[in-house]
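Summary of structural features
Residue-level listing of the chains:
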Amino acid sequence: QVQLVESGGGLVQAGGSLRLSCAASGRTFSLYTTGWFRQAPGAEREFVAAISRSGVGTYYADSVKGRFTISRDNAKNTVYLQMNSLKPEDTAVYYCAADRSLRTDGAKTNRDSYDYWGQGTQVTVSS
């Protein structure tokens, strides 16, 4: 019903920046809450950031507050994650997720709440 494709990952040095993009297709993107999650090797997938359908409400994990910024451009069916001041502990596969029926702040930050997922993009931060 909606397809998500991430891009923009890569290898950067600590302190550097990357901007991830998530391109959506299939249905009206403005109807979907979207989020970013990440998964390091051997770890569970964890919440990073989320944004409401309108773009007014944003949510961040404590570990990335002040460094990462989520945004969306509904006209382009795209959500972004600007990552600054990257640290080696940010190394992970980053996934874009979307859902049409999330109602609460808690649901927006819960990985089990999202119905649609991209394939992920690798982010590696060297020290």
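Overview of the structure.

1. Topic: the side chain of Asp 99
Of note, Asp 99 is situated in strand β9 (residues 92-99). One buried charged residue, Asp 99, remains without a salt bridge, the closest side chain of opposite sign being Arg 53 at 6.3 Å. In this structure the side chain of Asp 99 is engaged in a polar contact, spanning 2.9 Å, whose partner is the backbone nitrogen of Asp 115.

2. Some points on the state of the cysteines
With the rule as written, the count across this model stands at 1 disulfide. Through a disulfide, Cys 22 is tied to Cys 96; the S-S separation comes to 2.2 Å. Between Cys 22 and Cys 96, the S-S dihedral sits near -80 degrees, and the bridge is therefore left-handed. Of this pair, Cys 22 sits in strand β3 (residues 18-25) while Cys 96 is found in strand β9, placing the two residues 74 residues apart along the sequence. Classification of Cys 22 as buried rests on a relative accessible area of 0%. A relative accessible area of 0% means that Cys 96 is categorised as buried.

3. Focus: unusual backbone geometry
Glycine aside, a negative phi is what most residues show, and trans is what most peptide bonds show. For Asn 77, which is not glycine, the phi dihedral falls at a positive 55 degrees. Classification of Asn 77 as partly exposed rests on a relative accessible area of 26%. Residues other than glycine seldom take positive phi values, yet Ser 85 does so here, at roughly 50 degrees. For Ser 85, the position within the fold is in the loop between β8 (78-83) and β9. Ser 85 sits in the partly exposed class, given a relative accessible area of 41%.

Conventions adopted
- Residues numbered from 1 in each chain as written.
- Predicted model: local features only at pLDDT ≥ 70, side-chain atom pairs only at ≥ 80, totals over all residues.
- Heavy atoms only, no water.
- Helix = DSSP H or I, 4+ residues; strand = E, 2+ residues; numbered from the N terminus.
- Buried < 20%, exposed > 50% of the residue type's maximum accessible area, 1.4 Å probe, protein only.
- Lys, Arg positive; Asp, Glu negative; His and termini not counted.
- Salt bridge = Lys/Arg side-chain N within 4 Å of Asp/Glu carboxyl O.
- Polar contact = N/O pair within 3.5 Å; in protein donor to acceptor, adjacent residues only side chain to side chain.
- Disulfide = S-S within 2.5 Å.

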